[in-house]
Amino acid sequence: MKSVFSITLIAALFLITGCGGGDGKSKIDQIKEQSKMEPVEQVPASERVTLDNKGVGRIKDLPLSETIDQEMVERGEALFSTNCSACHKIDKRFIGPSPKGIMKRRSPEWIMNMILDPQLMVEQDRCAKDLLVEFNGAAMANQNMTEEQARDILEYFRTL
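Residues take numbers from 1 onward in each chain, read along the sequence in its written order. This being a predicted model, a pLDDT of at least 70 is required before a residue's local features are given, and a value of 80 or more before pairs of side-chain atoms are given or counted; all residues contribute to the totals for chains, interfaces and linings. Side-chain measures were taken over the full set of non-hydrogen atoms in the model, leaving aside hydrogen atoms and water.

> Give me the lowdown on the layout of surface pockets, citing residues and values where you can.
In this approach a probe as big as a water molecule rolls over the atoms, and the regions it shows empty are the leftover space. Definitions used throughout: a 1 Å grid over protein atoms alone; a cavity as a set of points that fits a 1.4 Å probe which cannot get out; a pocket as an open set with protein on both sides within 12 Å along at least five of seven lines; a lining residue as one with an atom within 4 Å of a point. Grid points are joined across faces, edges and corners, and a volume is the space filled by probe spheres set on the points. Counted as a void, the largest pocket has a volume near 620 Å³. Lining the largest pocket are 32 residues, and of these His-88, Gly-96, Pro-97, Met-114 and Met-140 sit closest to its centre. For the lining of the largest pocket, the secondary structure elements donating two or more residues are α3 (70-83), α4 (102-105), α5 (108-116), α7 (126-134) and α8 (147-157). We count a stretch as a helix when DSSP gives it H or I for four or more residues in a row; a strand needs E for two or more, and each element gets its number in order from the N terminus. No other element matches α5, which puts four residues into the lining of the largest pocket. Each residue is assigned to one of three groups, with Ala, Val, Leu, Ile, Met, Phe, Trp, Tyr, Cys and Pro labelled nonpolar, Asp, Glu, Lys and Arg labelled charged, and all others, Gly among them, labelled polar. Tallied by class, the residues present in the lining of the largest pocket amount to 24 nonpolar, six polar and two charged.

Structure, rendered in structure tokens:
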């Protein structure tokens, strides 16, 4: 009986020490760790205003006309409803942030870059990293949008 107890105890110790080590940190843990080393903003990323930040990606400059294109809005609303509404709700925080008022907080270029390549943005853009942490590691899925589709969604966001 003592030998069974001893073997069980030794096996348990191996399991405990074996499971705790290694460098197998998740992406969210790596970003959280990196965030601790950098100055922390007191305002949550979802409320932070960063209109001067264009993000990282292929969209470098995107002037917007003063008038809103209703055809683009309709296409953008349909795209949002089909591809984005599982994680984003217009009037409230959900799995991801609400897009309502996004045009007052982010530049058009940042929004387009986030829609077109969310993984690159999370890897290289401070605000996107902070959003990932704020929303508990729920990374935005790449919907493989074209620039035209992303632009339609952006036009829809202008109406929110």
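From this point on, the discussion continues.
> Help me get a handle on the state of the cysteines, residues and values and all.
Cysteine sulfur atoms are paired as a disulfide whenever they come within 2.5 Å of each other. Counted according to the given criterion, the structure contains zero disulfides. Cys-84 takes part in no disulfide bond, and the closest cysteine sulfur to it belongs to Cys-87, at a distance of 8.8 Å. Residue class for Cys-84 comes out buried when judged on its relative accessible area of 16%. Exposed residues in this analysis have more than 50% of their type's maximum accessible area, buried residues have under 20%, and partly exposed residues fall in between, with area computed by a 1.4 Å probe over protein chains only.

> Let's hear about the nonpolar core: which residues, and what values?
Core analysis: the biggest nonpolar cluster contains 27 residues, and Trp-110, Ile-111, Met-112, Ile-115, Ile-153 and Phe-157 have the highest contact counts within it. Considering every element that reaches this core, the biggest residue donor is α5, with six residues. Apart from the residues lying within four places of it in its own chain, the contact partners of Ile-153 are Gly-76, Leu-79, Phe-80, Cys-84, Ile-115 and Met-145. Nonpolar core, defined: a set of buried Ala, Val, Leu, Ile, Met, Phe, Trp, Tyr and Cys residues in which side-chain atoms within 4.5 Å join the residues together. Any two residues whose heavy atoms approach within 4.5 Å are treated as being in contact.

> So, the packing of α3 against α8: which residues are in play, and what are the values?
The relative placement of two packed helices comes down to the angle between their axes together with the axis-to-axis distance. To get an axis, a line is fitted to the C-alpha atoms, and for a helix only the part in contact is used. The angle between two axes follows their N-to-C directions and goes from 0 to 180 degrees. Where α3 meets α8, the closest approach of the two axes is 7 Å, and the angle between their N-to-C directions is 100°. Looking at the two axes, α3 sits roughly perpendicular to α8. Residues Met-72, Val-73, Arg-75, Gly-76, Glu-77, Leu-79 and Phe-80 of α3 touch α8, and the partners they reach there are Glu-148, Gln-149, Arg-151, Asp-152, Ile-153, Glu-155, Tyr-156 and Phe-157. Residue composition of the contact of α3 with α8, by class: seven nonpolar, two polar and six charged. An angle below 35 degrees is read as roughly parallel, one above 145 as roughly antiparallel, one from 65 to 115 as roughly perpendicular, and any other as oblique.

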